[in-house]
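Structural overview
Listed below are the residues making up each chain.
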Amino acid sequence: LSFLKQLWKITWSDEFQSIWWVDDGVFVAINEEMFKKEVLARRGLGIVFEMESMECFHRQLDLCGLCKLPEVSDLSKSGDEFPAEAAAPAPRKFLCFYYSPSFKRDHPQLPARCKPR
């Protein structure tokens, strides 16, 4: 699958707790420490992306037009934004939020429409 299609797939998957939609599907939140172990460290048949580092992942997000938001404090005012399975939200320093006007939860055809920068 293309990078965006795979990203779309894992944000919807119950298998991954390190990435989820917030703010009604406008932003993607990633717990980076958990994401490295849960997604990027996979090899063999379970591989998700052909990269091992967050730097490469960030570069790919940027190339696909998803930008990292500099300030997260205004995005999540309550614990309701975090996955229910998490006993406690990750420390803010490990959470990153990504946004693209073209990458939203409610548009199933979206990954095909996103254009790399």
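Keep in mind that this is a model prediction, so the values were computed, not measured.

Here the focus is the pattern of salt bridges. Once the charged atoms of two side chains with opposite charge are near each other, the side chains can pair. Here the structure, examined in full by the defined rule, presents four salt bridges. Notably, a salt bridge pairs E33 with K36, separated by 3.1 Å at the nearest N-O pair. With E33 and K36 both in helix α2 (residues 32–40) and three residues apart, this pair spans about one turn of that helix. By relative accessible area, which is 31% here, E33 ends up partly exposed. In this structure, the salt-bridge partner of R43 is E52, at a minimum N-O distance of 3.3 Å. The partly exposed category is assigned to R43, whose relative accessible area is 37%.

Here the focus is the sheet that holds strand β1 (residues 19–22). Here we have four strands laid out as an open sheet, ordered β1-β2-β4-β3, and antiparallel in their pairing. Each end of this open sheet is capped by a strand with a single partner; those strands are β1 and β3 (67–68). The sheet contact formed by β3 and strand β4 (residues 95–99) spans two bridges and is antiparallel. Looking at the pairing, C67 lines up with Y99 of β4. The strands that helix α1 (residues 3–12) touches are β1 and β2 (27–31); relative to β1, the one it contacts most, it runs at about 80°.

Right, let's get into the confidence of the model for the protein chain. Reading fine detail from the predicted coordinates is not recommended where pLDDT is low. Taken over all residues, the pLDDT of the protein chain has a mean of 79, while the share at 70 or more is 70%. Element-level mean pLDDT values for the protein chain span from 56 in helix α4 (residues 110–113) up to 95 in α2. Taken together, the stretch residues 73–90 has pLDDT below 50 and engages in 19 contacts with residues farther than four places along the chain or on a different chain.

About the cut-offs
- Residues numbered from 1 in each chain as written.
- Predicted model: local features only at pLDDT ≥ 70, side-chain atom pairs only at ≥ 80, totals over all residues.
- Heavy atoms only, no water.
- Salt bridge = Lys/Arg side-chain N within 4 Å of Asp/Glu carboxyl O.
- Helix = DSSP H or I, 4+ residues; strand = E, 2+ residues; numbered from the N terminus.
- Buried < 20%, exposed > 50% of the residue type's maximum accessible area, 1.4 Å probe, protein only.
- Pairing = 2+ DSSP bridges.
- Contact = heavy atoms within 4.5 Å.
- Axes fitted to C-alpha atoms, helices over the stretch in contact; angles between N-to-C directions.
- pLDDT = per-residue confidence, 0-100.

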